[in-house]
Every structure is written in structure tokens, then in C-alpha cells.
Amino acid sequence: MTAADAEAHTDLDGLIDSCIASRASRHEDWDTLAFQTKAGDEFRRAQIRYIGSGATGNHDGDSRSLPSEHFTFSNMRLPVGSVGPEHTHHDVEEVFFVLEGQLEVSVHDVEDGTRTATRVLGYRDLIRVPAGVPRSLKAIGDTDALFCVVIGAQKPQLPTYPATSPVHGVTRD
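Described below are features of the structure shown in this document.

Each value, and the rule that gives it
- Residues numbered from 1 in each chain as written.
- Predicted model: local features only at pLDDT ≥ 70, side-chain atom pairs only at ≥ 80, totals over all residues.
- Heavy atoms only, no water.
- Phe/Tyr/Trp six-rings, centres within 6.5 Å; stacked < 30°, edge-to-face > 60°.
- Helix = DSSP H or I, 4+ residues; strand = E, 2+ residues; numbered from the N terminus.
- Buried < 20%, exposed > 50% of the residue type's maximum accessible area, 1.4 Å probe, protein only.
- Lys NZ or Arg CZ within 6 Å of the ring centre and 35° of its normal.
- Pairing = 2+ DSSP bridges.
- Axes fitted to C-alpha atoms, helices over the stretch in contact; angles between N-to-C directions.
- 1 Å grid on protein atoms, 1.4 Å probe; cavity = no way out; pocket = protein on both sides within 12 Å on 5 of 7 lines; lining within 4 Å.
- Points joined across faces, edges and corners; volume = space filled by probe spheres on them.
- Nonpolar A, V, L, I, M, F, W, Y, C, P; charged D, E, K, R; others polar.

1. Focus: the packing of aromatic side chains
Alright, step 1. Counted according to the given criterion, the structure contains 2 aromatic pairs.
Alright, step 2. Aromatic side chains Phe96 and Phe147 sit 5.7 Å apart centroid to centroid with 75 degrees between the ring planes, which places their arrangement in the edge-to-face category. Of this pair, Phe96 sits in strand β4 (residues 94-100) while Phe147 sits in strand β9 (residues 145-151), and the two are 51 residues apart along the sequence.
Alright, step 3. By relative accessible area, Phe147 is classed as buried at 0%.
Alright, step 4. Residue placement shows Arg26 over the ring face of Tyr50; its charged tip is 5.1 Å from the ring centre.
Alright, step 5. Taking NZ or CZ as reference, Arg44 lies 4.0 Å from the ring centre of Trp30, over its face.

2. Describing the sheet that holds strand β6 (residues 116-121)
Sheet strands associate in pairs through backbone hydrogen bonding, adopting either a parallel or an antiparallel arrangement.
Alright, step 1. Taken together, the 4 strands give an open sheet; going across it, the order is β3-β8-β5-β6, and neighbouring strands pair in antiparallel fashion. The open sheet has two edge strands, β3 (83-87) and β6, and neither has a second partner. Geometrically, the sheet is characterised by an average inter-axis angle of 15 degrees between neighbouring strands, direction not taken into account.
Alright, step 2. Across 6 bridges, the pairing between strand β5 (residues 102-108) and strand β8 (residues 135-140) is antiparallel. Within β8, the position partnered with Gln102 by the bridge is Ile140.

3. Some thoughts on empty space enclosed by the protein
Alright, step 1. One pass over the full model with this rule turns up 2 cavities of 30 Å³ or more.
Alright, step 2. In this structure, the largest cavity encloses a volume near 200 Å³.
Alright, step 3. Surrounding the largest cavity, 20 residues form its lining, Arg45, Met76, His87, His89 and Glu94 being those nearest its centre.
Alright, step 4. Breaking the lining of the largest cavity down by element, the ones donating at least two residues are β2 (72-78), β3, β4 and β9.
Alright, step 5. Looking at side-chain class alone, the lining of the largest cavity contains 10 nonpolar, 8 polar and 2 charged residues.
Alright, step 6. Computed from the structure, the second largest cavity encloses a volume of approximately 40 Å³.
Alright, step 7. Considering the residues around the second largest cavity, the lining is formed by Ser25, Arg26, His27, Asp29, Gln47, Ile48, Arg49, Asp62, Arg64 and Ser65.
Alright, step 8. Of the residues in the lining of the second largest cavity, the class split is 1 nonpolar, 4 polar and 5 charged.

The following block contains the structure:
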């Protein structure tokens, strides 16, 4: 093996290592969305970041996450009965892909938020929610719901919580 071959091999090793976020290196962050529990304990949930920080705030200092270029990818754990409150991503679509448990997903009427359509998703089911459509989630059944969350931007805007959301008016501080 020549010196050039060894250098190229090392660069490829560095490249592939810089692109991996192993499960073992992840942790459940119960704090990033903890401000929402001011509206009730049912809003307690954990984010597990892999690529970027999602739309949960500034996690640029989290060295465990891979940098985002075009989208964010995380897992979310909702304990049984927990809720992801009604919220709207105005700038991006959001995808939920269920890995464990059952997830009740609702989309809300954009005009007043009181009309909803709800579906139950299970193992390997997916929903894509377009930008501008309010959505909410609930873990149903007898096990936690664990699901992938993909948001279609490098750094999405923080979501808003419509007046019909229990988290409307709750602040991060």
C-alpha cells in the first residue's frame, strides 16, 4: 500500500465515521420540551437527536448530533397517554414514522382548529404532514410510542401553537 493509498483510506475512514450516529451514542432528552409540561404532565416526552436539532430550539453545541444540511432527523418517545400538543410548522413538512407502539395522529382545521381528522399509526406506518397544517399526537395503547421525526429543513423555524392548543401561550423560560 502506498502512502497515497493509506491517506485515501484514512480519509474514507474519517468520512464514514463522521456520518454515523449510533444508537449507543444517543440519549433521551426529556428537558428540551419540558417547558410544555407547564400545560400538564401529559405533554412530557423525549427527543433523541440524530441529525440536526429538529425544531425544538438551539442544540448546536450537541456534539452527538450529526450536522444537518437539508433536513433534521430525530426519534421521539411519548410515554403511554402522553401528547404532542397541537402545533404548526409554517415553513416545512414533517414526517412521523412509527417504530414502536401506537400513535394517534390528528390534523386540525387551519381556519379554527376545532375540526380534526384522526388516524392511528402502528409499526412502520408513516404520515407526512404538509407545512402550515396544525397537527397533534398521542401515544395510545399499553406501550410507549417511539417514532422517527423528519423535518424538511436544515434549521426549521420554531413551531407555533394555535389558540386551540393547550400549550398556546406557554413560554420556554
